[in-house]
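Close look at the chain arrangement
Here's the letter readout for the chains.
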Amino acid sequence: MSGSSRIVAVLGPTNTGKTHYAIERMLGHRTGVIGLPLRLLAREVYDKIVAIRGPSVVALVTGEERIVPPRAQYWVCTVEAMPEGMGADFVAIDEIQLCADPERGHVFTDRLLRSRGTNETLFLGSDTMRGPISALVPQAQFVRRERMSQLVYSGSRKISRMPARSAIVGFSVENVYAIAELLRRQKGGAAVVMGALSPRTRNAQVDLYQNGEVDYLVATDAIGMGLNLDVNHVAFSSLSKFDGRRMRPLAPNELAQIAGRAGRGMSDGTFGVTGEAPPLDEGVAQAIMDSRFTPMKKLNWRNAALRFGSIDALIDSLEVSPDDEHLIKARPADDLNALKSLSQVTEVVARASDGPSVRLLWDVCRIPDFRGISHAEHASLLEVIYGHLHERGSIPDEFMARQIRRIDQTHGDIDALSKRLAYIRTWTYVAQRKGWVRDESHWRDETRIVEDRLSDALHERLTQRFVDRRTSVLLRRLKQKEALLAEVNDKGEVTVEGEFVGRLEGFRFIPDKSAQGTEAKALKSASLQALAPQFHLRADRFYNAPDTEIDFTDQGGLMWGEYAVGKLVAGAEPLKPMVEVFVDEAAGPDVEQKVQRRLQHFIDRKVAALFEPLLNLSRDEELSGLAKGFAFRMVEALGILPRAQVAQEVKDLDQDARGALRKHGIRFGQFTIFMPLLLKPAPTRLRLVLWALSSGLQEFPEAPPPGLVTVPVAKDAPQGYDTMCGYRDAGERSIRIDMLERLADMLRAEDSRGGFEAKPDMLSITGMTLDQFADLMQGLGYKAERGERPKVKPAPVEQPAAAEADKPTAEEAPASEVAAEEVAAPAEAAAEAGADSLPAEPVSDEPEVEVFYTFTWARQRQPNRGPRREQGQGKGKPRGKPQDGRGKPHGKKGGKPQGAKTFSSRPPKKEKAIDPDNPFAAALMGLKDGN
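Just so it is clear, the model here is predicted, and its values are computed rather than measured. (Residues numbered from 1 in each chain as written. Predicted model: local features only at pLDDT ≥ 70, side-chain atom pairs only at ≥ 80, totals over all residues. Heavy atoms only, no water.)

**Quick look at the overall build of the chain**
Put simply, the rule is: Helix and strand definitions here come from DSSP, where helices need a minimum of 4 consecutive H or I residues and strands a minimum of 2 consecutive E residues; each element is numbered from the N-terminal end. With a 1.4 Å probe rolled over the protein chains alone, any residue whose accessible area is under 20% of its type maximum counts as buried; one over 50% counts as exposed, and the rest are partly exposed. Whether two residues are in contact is decided by their heavy atoms, any of which lying within 4.5 Å being enough. Accessible surface is estimated by sampling points in the Shrake-Rupley manner with a 1.4 Å probe; for residues, cover comes only from the protein chains shown.
Across its full length, the chain holds 31 helices and 34 strands. Every one of the 931 residues in the chain was classed for burial, and the buried ones make up 46%. A separation of at least 24 residues holds for 69% of the contacts in the chain among residues at least 6 apart in sequence. On the chain, roughly 46700 Å² of surface is accessible, and the fraction owed to carbon and sulfur atoms is 50%.

Below is the structure:
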């Protein structure tokens, strides 16, 4: 506009569109400058103007960022970085009420008094500034703007009941982090916004919130400075803050500045308190809703007419008091404190001896204390920077490179990355200062790259710590009542909407164990809803799967691959177990029934295949009488019966009945009645499971390793375990029942009354040492007497005389022979020489001793003798003495058998062939060939 400069104060509460109005007014002029209170807000406004006019005419100038195109027309700056003396057509200062801020107020007051556009000047802020502006800028016009939406106080709420699209305000980093962590566990996460964040990190966090990935924002009071967010509710976690010197309560207008961020445009908003914050006083709450606050009377001021003749003169000019009643002297800021500290350093005082040196020192002291470590450390850093600038005219490249290299590290936690970001801001600020580094473009790029890298890393850490993406996504989709897309990979990992939620093990969903509380409930609810189609697809695949993909465990579990899908339970009969399935209720009854049918088919076929001889025996309709009853006993015992338990039943069976039972593979052994086919590893494993089920055992014993003739006796095993394994306990070890019967055949030929010793083939068939065999025999009812006797050495074989001539030389002789000769030679030489001094090697006359055992039957004979050897067995020779009721085989005494002879009309039986599967088959064949 033409004519004299127009000064307008646009005042009102938040959400009145003041900043938007200022942007429109600036773009109506040829050139303009707008000063904003925060670097974050400056970046936001810059992006808006660039979107309208393009980047070639828009400049961004902050303490740590400088983007100035050659044809810049519109300058977006922080208030501290506003250029002076440009003569722009338009000038605007936002949040002008910060003139009353104890730390930065003097800067805003200086802009209020001295910054003017040639055509138009706008001051934007709270209506509490009307009085001071009227007094200090009499020509100013006032425009009142009303809030576009209603703001309502809603009282106190727990964080767990916080509505979606809420911002929770904390006044310390620790408080912000604690609230964000709580929201992550209960609500899926929150974005974090703090003034100390870089614009890049802040924008990335805000995008999480604005895009709906999280419904909550946790922030410091930085959101009160014009940041435009879609917030419906603002909750204060505290009503006091640390102002740099002390904890003080927030004034109503400060609360209103933050609470006013609730409700954007025409949408109403609410505000309240949460956590440990007490409810707001009714009068304060009403004042915030009505935007009625105590008018400001005093503004912070610091002299702008500085004298650079000396350090003392500069300090004196900075401490001048105002002469206006509406102004008060600002408390010493960081820059003035740094100047006073450096004025005590002799070297600095010596350097700052003229006006330009003092002005340079003042520029260095205005570097903000981004690190916030201590005044002394900050002053020490400024001293180093000033020394380089004064001595060399610029900061050395190697010094800059070393400082930046130390900071350029993206590992570490949130605190470590935040500190590095604060450190890099110092060097970003230095690089932005004209003439402070030799290659300004290079170092600005370098510091910007490092800041961006650290910003991205910090955003990633903040998101990892405070945002549970999967819970957030699932909760949002559940609220929207949309169908959720679930996928299950080959490893059973379940993802819903691309987020890992747990594992599908068979037909049971196992949620991710890292989720707890509300998060775990949300995960399970969303996952089961999405998994419903997957359960049906998996059930169809399982129903059509071959039996080779299904198996049972030693504990009765039913496995599909590596996943448990059910377990066996006892049925009406041992050979008819039932199935209990492991299927989530959410899968539905159809899936459960399909899985149950498939598992029942599997176990029925498994029993039919492994116990085919036993099932054929149970279905043989030709059996009758005692044979049918005995068959029932065999089926009930799963194919193995200790003979002592059925001694009378066996005795009562006639030869026809026994023959009918033998057709089914039943063998009548001296110790056990069994079906050899059922001793194989696979039937044995299933038999143990079926026996444990029918016996009601809580813990199922495992089968012995296959292929072993003897195994150690299982301690504390339930009664009958050895029999179901196909073994018989004897002493410290158990012996396989088929091998026990072979051993019994050998023992029958021995004199059990007069005593006998173990034969090599007995030891061979059991695979035992002599001591172990003695223990086994004692377990079978024999008495083992240990004895020792001289070992009979084999007679030496005489060598022919010619052999001496053919005796090999020492070079040709085996090492053992050479060693023997070397030992014998000195003794012979000494004997020939009669040397008394060389004692001869003592020769022991004691014979070598060997251990042997004599075995005799230890138990008393019973009047009712046990089962006799079956007719037709043996080789046509008279059988040995009858066995007692316990199955003890009676052997011969003195060589010939006693008693009446019996003959068989059958031809002699062929000698039983040695089982090639026997691990001692080779040794047995050797013994046989030797005989």
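**Looking at helix α26 (residues 737–748)**
How we decide: Helix span, as expected, comes to 1.5 Å for every residue beyond the first.
Here α26 contains 12 residues, and its C-alpha end-to-end distance of 16 Å stays within 8% of the 16 Å for a straight helix at 1.5 Å per residue. Burial runs high along α26: 10 of the 12 residues are buried. Of the residues making up α26, those classed as buried are Ile737, Asp738, Met739, Leu740, Glu741, Arg742, Leu743, Ala744, Leu747 and Arg748.

**Considerations on the nonpolar core**
Which entries qualify depends on this criterion: Throughout, nonpolar core names a set of buried Ala, Val, Leu, Ile, Met, Phe, Trp, Tyr and Cys residues whose side chains join them through atoms within 4.5 Å.
Phe507, Phe630 and Leu661 are the most contacted members of the largest nonpolar core, which totals 67 residues. The contact partners of phenylalanine 630, leaving out residues within four places of it in the chain, are Leu641, Val646, Glu649, Val650, Leu653, Leu661, Phe668 and Ile673. In this structure, Leu342, Ile367, Leu417 and Val437 belong to the second largest nonpolar core, which totals 62 residues.

**Points about helix α3 (residues 105–114)**
Of all the 10 residues making up α3, eight are buried; the element is thus mostly covered by neighbouring parts of the structure. Within α3 the residues assigned to the buried category are Gly105, His106, Val107, Phe108, Thr109, Asp110, Arg111 and Leu112. Contacts made by the buried residues of α3 are with β6 (90–93), β7 (120–125), α4 (130–136), β17 (299–301) and β18 (327–329).

**Focus on the pattern of salt bridges**
Note the cut-off: The term salt bridge refers to a side-chain nitrogen of Lys or Arg lying within 4 Å of a carboxyl oxygen of Asp or Glu.
Applying the stated criterion across every chain, the model contains 51 salt bridges. Across the pair aspartate 408 and arginine 453 runs a salt bridge, and its minimum N-O distance is 2.8 Å. Taken together, the residues span a long stretch of sequence, with aspartate 408 in the loop between α14 (397–407) and α15 (414–432) and arginine 453 in helix α16 (residues 440–466) at a distance of 45 residues. Of the charged contacts, one joins glutamate 850 and arginine 789 as a salt bridge, the two residues approaching to 3.0 Å between their closest N and O atoms. Of this pair, glutamate 850 sits in strand β34 (residues 849–857) while arginine 789 sits in strand β33 (residues 782–790); the two residues are 61 residues apart in sequence, bridging distant segments of the chain. Bridged by salt links that share partners, the residues Arg39, Glu64, Arg425, Arg448 and Glu451 form one connected network.

**So, the sheet that holds strand β28 (residues 667–668)**
Note the cut-off: For two strands to be treated as a pair, DSSP must find at least two bridges joining them. Axis definition: a line fitted to C-alpha atoms, limited for helices to the stretch in contact. Angles are taken between N-to-C directions and run from 0 to 180 degrees.
Pairing is antiparallel across the open sheet formed by three strands, whose spatial order is β27-β29-β28. If you trace the sheet from one side to the other, it starts and ends with β27 (640–642) and β28, each paired once. Where β28 lies against strand β29 (residues 672–674), two bridges are found, and the strand directions are antiparallel. By the bridge assignment for β29, phenylalanine 668 is matched with isoleucine 673. Here helix α21 (residues 625–636) sits on the sheet and contacts β27, β28 and β29; the angle it forms with β27, its principal contact strand, is near 105 degrees.

**Considerations on the packing of α14 against α15**
Axes are the key here: two packed helices are described by the angle between their axes and the distance separating the axes. The condition is simple: For classification, angles of less than 35 degrees are called roughly parallel, those exceeding 145 degrees roughly antiparallel, those between 65 and 115 degrees roughly perpendicular, and all remaining angles oblique. If you view the pair so one helix is near and one far, a crossing is left-handed when the near helix is turned anticlockwise from the far one by less than a right angle, and right-handed when it is turned clockwise. Gly is put with the polar residues, along with every residue not named as nonpolar or charged; the nonpolar set is Ala, Val, Leu, Ile, Met, Phe, Trp, Tyr, Cys and Pro, and the charged set is Asp, Glu, Lys and Arg.
Where α14 contacts α15, the axes come no closer than 9 Å and their chain directions differ by 155 degrees. Put simply, α14 runs roughly antiparallel to α15. The way α14 lies across α15 gives a crossing that is left-handed. Contacts between α14 and α15 pair Phe399, Met400, Gln403, Ile404 and Ile407 from the former with Arg420, Tyr423, Ile424, Trp427 and Val430 from the latter. In terms of residue class, the contact of α14 with α15 is made up of eight nonpolar, one polar and one charged.

**Observations regarding the sheet that holds strand β8 (residues 141–144)**
Strands sit in the order β4-β3-β5-β2-β6-β7-β1-β8 across an open sheet of eight strands; the sheet is mixed. For this open sheet the edge positions go to β4 (66–67) and β8, each flanked by a neighbour on one side alone. Direction of pairing for β6 relative to β7: parallel, over a ladder of four bridges. Paired with valine 91 across the strands is threonine 121, a residue of β7. Running over the sheet, helix α2 (residues 39–53) touches β2 (32–36), β3 (58–61), β4 and β5 (74–78) and is turned about 165 degrees from β5.

**Digging into the packing of aromatic side chains**
The test is simple: Centres within 6.5 Å make a pair out of two Phe, Tyr or Trp rings, where for Trp the six-membered ring is used; the pair is then stacked when the planes are under 30 degrees apart, edge-to-face when over 60, and tilted otherwise. Our definition puts a charge over a ring when NZ of Lys or CZ of Arg is within 6 Å of the ring centre and also within 35 degrees of the ring normal.
Per the stated rule, a full pass over the model turns up 13 aromatic pairs. Seen from their ring centres, phenylalanine 399 and tryptophan 427 are 5.7 Å apart, and the 75 degrees between their planes marks the pair as edge-to-face. Here phenylalanine 399 is found in helix α14, whereas its partner tryptophan 427 is found in helix α15, with 28 residues between them in sequence. Judged by relative accessible area, which is 8%, phenylalanine 399 ranks as buried. Accessibility expressed as a relative area gives 4% for tryptophan 427, which makes it buried. Measuring from ring centre to ring centre gives 6.1 Å for phenylalanine 756 and tyrosine 782, while their planes differ by 85 degrees; the resulting arrangement is edge-to-face. Highlighted residues: phenylalanine 756 in the loop between α26 and α27 (760–766) and tyrosine 782 in strand β33, separated in sequence by 26 residues. Each residue in the set Phe756, Phe773, Tyr782, Tyr853, Phe855 and Trp857 is aromatic and connected to the rest through ring pairs, giving one cluster. When the ring centre of phenylalanine 668 is taken as origin, the NZ or CZ atom of arginine 658, which lies over that ring, is 5.8 Å away.

**A closer look at unusual backbone geometry**
Phi angles above zero are rare outside glycine, and asparagine 15 is one such case at about 60 degrees. Looking at the secondary structure, you find asparagine 15 in the loop between β1 (6–11) and α1 (18–27). The class of asparagine 15 is buried, set by a relative accessible area of 5%. At leucine 638, a residue that is not glycine, the phi angle is positive and equals roughly 60 degrees.

**Notes on the confidence of the model for the chain**
For clarity, the cut-off: The pLDDT value tells you how sure the predictor is about a given residue, anywhere from 0 up to 100.
Mean pLDDT over the chain stands at 84; residues scoring 70 or higher make up 83%. Mean pLDDT across the elements of the chain ranges from a minimum in helix α30 (residues 815–833), with 38, to a maximum in β6, with 97. Low confidence marks residues 890–907, where pLDDT is under 50. Its contacts with residues over four positions away, or in another chain, come to 27 contacts. Scored below 50 in pLDDT, residues 919–923 shows 11 contacts in the model against residues more than four places distant or in partner chains.

**Considerations on the environment of valine 851**
If you trace the backbone, valine 851 turns up in strand β34. Residue classification places valine 851 among the partly exposed positions, given a relative accessible area of 32%. Distance in space between the C-alpha atoms of valine 851 and glycine 787 is 5.8 Å, their sequence separation being 64 residues. Valine 851 has contacts with Leu770, Arg786, Gly787 and Glu788, leaving out every residue within four places of it along the chain.

**Re the packing of helix α12 (residues 355–365) against helix α13 (residues 375–392)**
Packing of α12 against α13 leaves a shortest axis separation of 10 Å and a crossing angle of 140 degrees. Comparing their axes, α13 and α12 come out oblique. Handedness of the α12/α13 crossing: right-handed. Here α12 contributes Ser357, Leu360, Leu361, Val364 and Cys365 to the contact with α13, which in turn contributes Leu382, Ile385, Tyr386, Leu389 and His390. Across the contact of α12 with α13, the residue classes break down as eight nonpolar, two polar and no charged.

**A few points about the side chain of arginine 302**
Going by this rule: Any pair of nitrogen or oxygen atoms within 3.5 Å is treated as a polar contact; in protein, a donor-acceptor pairing is required on top of that, and neighbouring residues in sequence qualify only through side-chain atoms on both sides.
Its place among the elements puts arginine 302 in the loop between β17 and α9 (311–318). According to the relative accessible area criterion, arginine 302 is buried, its value standing at 15%. Polar contacts involving the side chain of arginine 302 include one to the side chain of aspartate 335, which spans 3.0 Å. The contacts of arginine 302, once residues within four sequence positions are left out, are His106, Leu318, Ala333, Asp335, Leu336 and Trp362.

**A word on the environment of proline 642**
Of note, proline 642 is situated in strand β27. With 29 residues separating them along the chain, proline 642 and phenylalanine 671 place their C-alpha atoms 6.2 Å apart. Aside from chain neighbours lying at most four places away, what touches proline 642 is Phe671, Thr672 and Thr723.

**A look at the pairing of strand β26 (residues 578–581)**
Across the two faces of β26 the burial differs, with Val579 and Val581 buried and Met578 and Glu580 not buried at all. Across four bridges, strand β25 (residues 563–569) lies against β26 in antiparallel orientation. Paired with valine 569 across the two strands is methionine 578, which belongs to β26.

**A word on the environment of glutamate 732**
Among the secondary structure elements, glutamate 732 is positioned in the loop between β31 (727–730) and β32 (733–736). Separated by 22 residues in sequence, glutamate 732 and threonine 710 place their C-alpha atoms 10.0 Å apart. Residue contacts for glutamate 732: discarding those within four places in its chain leaves Pro712, Val713, Lys715 and Asp775.

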